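Topology and contacts: notes
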Amino acid sequence: MNGLYSWIESIILNSDRNSAETKTFVALYRKFISPSQLFFIWKQKLANINPSNVTHQENAMSFLIIWIGESYSIDFNKKQRLELLNLIPSLPAKQNELKLLLIRMGAKQLGFKTTERRLSVLTPKKLNSFGFTRSSSFDSNSFTKMKVLRPSTSINEEVLYITIFSKFSPEQVAEAMTIDASNSFRQLKAIELIQKSGWINSKETKKMDVSILEEMTFKFNEVSAWVTSSIVSEANHQPQKQVIEGMISIAKRCESLNNFDGCMAVLSGLNNFAVQRLKTSWGLISEKHRDDYQQLEGAVR
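Heads up: these notes are all about the structure in this document. (Residues numbered from 1 in each chain as written. Predicted model: local features only at pLDDT ≥ 70, side-chain atom pairs only at ≥ 80, totals over all residues. Heavy atoms only, no water.)

1. Thoughts on the overall build of the chain
Along its length, the chain carries 14 helices and two strands. Per-residue burial over the chain gives 44% buried out of 301 residues. In the chain, 67% of the contacts between residues at least 6 apart in sequence involve partners at least 24 apart. For the chain, the computed accessible surface area is about 16,400 Å², with 53% contributed by carbon and sulfur atoms. (Helix = DSSP H or I, 4+ residues; strand = E, 2+ residues; numbered from the N terminus. Buried < 20%, exposed > 50% of the residue type's maximum accessible area, 1.4 Å probe, protein only. Contact = heavy atoms within 4.5 Å. Areas by Shrake-Rupley, 256 points an atom, 1.4 Å probe, with all protein chains shown as cover.)

2. Some remarks on the packing of aromatic side chains
Within a pair of aromatic rings, the relevant descriptors are the distance that separates the centres and the angle that separates the planes. Inspection of the entire model under this criterion finds eleven aromatic pairs. Their ring planes at 80° and their centres at 5.2 Å tell us that Trp 7 and Phe 25 sit as a pair that is edge-to-face. Placement of Trp 7 in helix 1 (residues 2-13) and of Phe 25 in helix 2 (residues 20-28) is noted, with a sequence separation of 18 residues between them. Residue Trp 7 is classed as partly exposed on the basis of its relative accessible area of 39%. Between Phe 63 and Trp 67, the aromatic rings sit 6.1 Å apart at their centres with planes inclined by 50°, giving tilted as the arrangement. Placement of both Phe 63 and Trp 67 in helix 4 (residues 54-75) is noted, with a separation of four residues, approximately one turn of the helix. Pair check on accessibility: Phe 63 and Trp 67 agree, each one buried. Of the aromatic side chains, those joined through ring pairs into one cluster are Trp 7, Phe 25, Tyr 29, Phe 39, Trp 42, Phe 63, Trp 67, Tyr 72 and Phe 76. The aromatic ring of Tyr 72 is capped on one face by Arg 81, whose charged end is 4.6 Å from the ring centroid. (Phe/Tyr/Trp six-rings, centres within 6.5 Å; stacked < 30°, edge-to-face > 60°. Lys NZ or Arg CZ within 6 Å of the ring centre and 35° of its normal.)

3. Here's the deal with the nonpolar core
Core analysis: the largest hydrophobic core is formed by 32 residues, its most contacted members being Trp 42, Leu 64, Trp 67, Ile 68 and Leu 98. At the level of elements, helix 1, helix 2, helix 3 (35-48), helix 4 and helix 6 (95-120) are the ones that each hand at least two residues to this core. If sequence neighbours within four positions are ignored, Leu 98 has contacts with Met 61, Leu 64, Ile 65, Ile 68, Ile 88 and Leu 91. (Core = buried A, V, L, I, M, F, W, Y, C linked by side-chain atoms within 4.5 Å.)

Right under this line is the structure:
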């Protein structure tokens, strides 16, 4: 245990604003100690730093700021948040930075609560889509409108409507998907992946009610289902062939943009049994699209 505490103290005293080691530690430490234990160690270490050692004081504050920025909503209970506020006047460095961070985190928490309430009532029956959705009116001449929910908006707020293929090329659709995926990936934190795996041991750590990872999984499945339904809803081979080629082009553009999540989602829809059984329609697609599809299939295996 002494070795563990020595390691923790070393990280606290050697953190800087962009410390990758600190961010990794903040994601993984709960397997070994609880958040309250870490908070106690941090306070104890800060109090024992020689006042003349400005570097260690700033590093200890950098550690706290990184920790709050990464895990404020799940590691700090109400008592600890109040204690942080009361500690600010006596802190040796970065008081204003910590104040601003706590204000931002508090505002973010209020936003999460609103989103949690809205998402808690969502079911496939109550909401056809979250992310990309196919509407009921769809034909080969005027491709359906898709809803792309902006990450900064709620379910009942503004949505962006994209008319697939009739006004936008497959490449533009793929670019819109990539922007949406990029926003989701930027919000994803290591703690969500660790928590999803069940690796966290601390009972104090709150489980996230709304997970970006779960939202991304939901979107993946919705895109996959949209691809499948868009193809099989066409009654004739030629329209089916056109939709298949359009979806392959979307997947290809996603790959070129390094949006492998979007690419896999489209391929998942194309590989659905209901689509694969359309042998005549698949036989009509161009050689270029066939080659692109085979290349993408080979890349993801």
